[in-house]
Amino acid sequence: MKALILFAPGKIAGAEKVVASGYNGLVKYGKNSYDLCIIEEKKCPQFAFEFISLIENRNQLTKLNSQAPIDLNLIRELNKIVEGHQIIYTHGFKALFYAMCVKYIFLIFRKP
């Protein structure tokens, strides 16, 4: 079963450390069915850079750029990434918002 972890990091604090250490632990113990997707804010990209520096194995890491408060291009890109994943774990409001946009917007337009 393939899972996607979607996260929009902020200043390095508790949540960022929990997500990074959890992902590093999964990869360390051979759980390679997890992909990590980071949302990088154009207005403060240093948060994504700092978070990525905590990730030990970056082979399954994807970075999406957020150019606006509600970024339609990010939704389109995320829709392509979500394909093939049975589980999507989000951490934080922004990640949840974009995951829900993909679920409901593209669910309407997806061909059966």
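This text gives an overview of the structure that appears in the document. The model shown is predicted, which means the values in this text are computed figures rather than measured ones.

1. Some details on the pattern of salt bridges
Part 1 of the reasoning: Taken as a whole and assessed by the stated rule, the structure comprises three salt bridges.
Part 2 of the reasoning: Note that Asp 35 is salt-bridged to Lys 2, the shortest N-O span being 3.2 Å. Taken as a pair, Asp 35 in strand β2 (residues 34-41) and Lys 2 in the segment before β1 (3-7) lie far apart in primary sequence, 33 residues in all.
Part 3 of the reasoning: For Lys 2, a relative accessible area of 29% corresponds to the partly exposed category.
Part 4 of the reasoning: We note a salt bridge from Lys 63 to Glu 40, for which the minimum N-O separation is 3.0 Å. With Lys 63 in strand β3 (residues 61-66) and Glu 40 in strand β2, this residue pair connects regions lying 23 residues apart in the sequence.
Part 5 of the reasoning: Take Glu 40: its relative accessible area is 10%, and that puts it in the buried class.

2. Side note on the sheet that holds strand β4 (residues 87-91)
Part 1 of the reasoning: Read from one edge to the other, the open sheet built from four strands follows the order β3-β2-β1-β4, with strand pairing classed as parallel. Edge positions in the sheet fall to β3 and β4, since each has one partner strand and no second. On average, each strand axis in the sheet is inclined to that of its neighbour by 20°, with strand direction left out of account.
Part 2 of the reasoning: Where β1 lies against β4, five bridges are found, and the strand directions are parallel. From the neighbouring strand, Leu 6 faces β4, where its bridge partner is Thr 90.
Part 3 of the reasoning: Packed on one face of the sheet, helix α2 (residues 46-54) meets β1, β2 and β3 and runs near 155° to β2.
Part 4 of the reasoning: Packed onto the sheet, helix α3 (residues 72-82) meets β1, β2, β3 and β4 and runs at close to 160° relative to β3.

Here is what the cut-offs are and how they apply
Residues numbered from 1 in each chain as written. Predicted model: local features only at pLDDT ≥ 70, side-chain atom pairs only at ≥ 80, totals over all residues. Heavy atoms only, no water. Salt bridge = Lys/Arg side-chain N within 4 Å of Asp/Glu carboxyl O. Helix = DSSP H or I, 4+ residues; strand = E, 2+ residues; numbered from the N terminus. Buried < 20%, exposed > 50% of the residue type's maximum accessible area, 1.4 Å probe, protein only. Pairing = 2+ DSSP bridges. Axes fitted to C-alpha atoms, helices over the stretch in contact; angles between N-to-C directions. Contact = heavy atoms within 4.5 Å.

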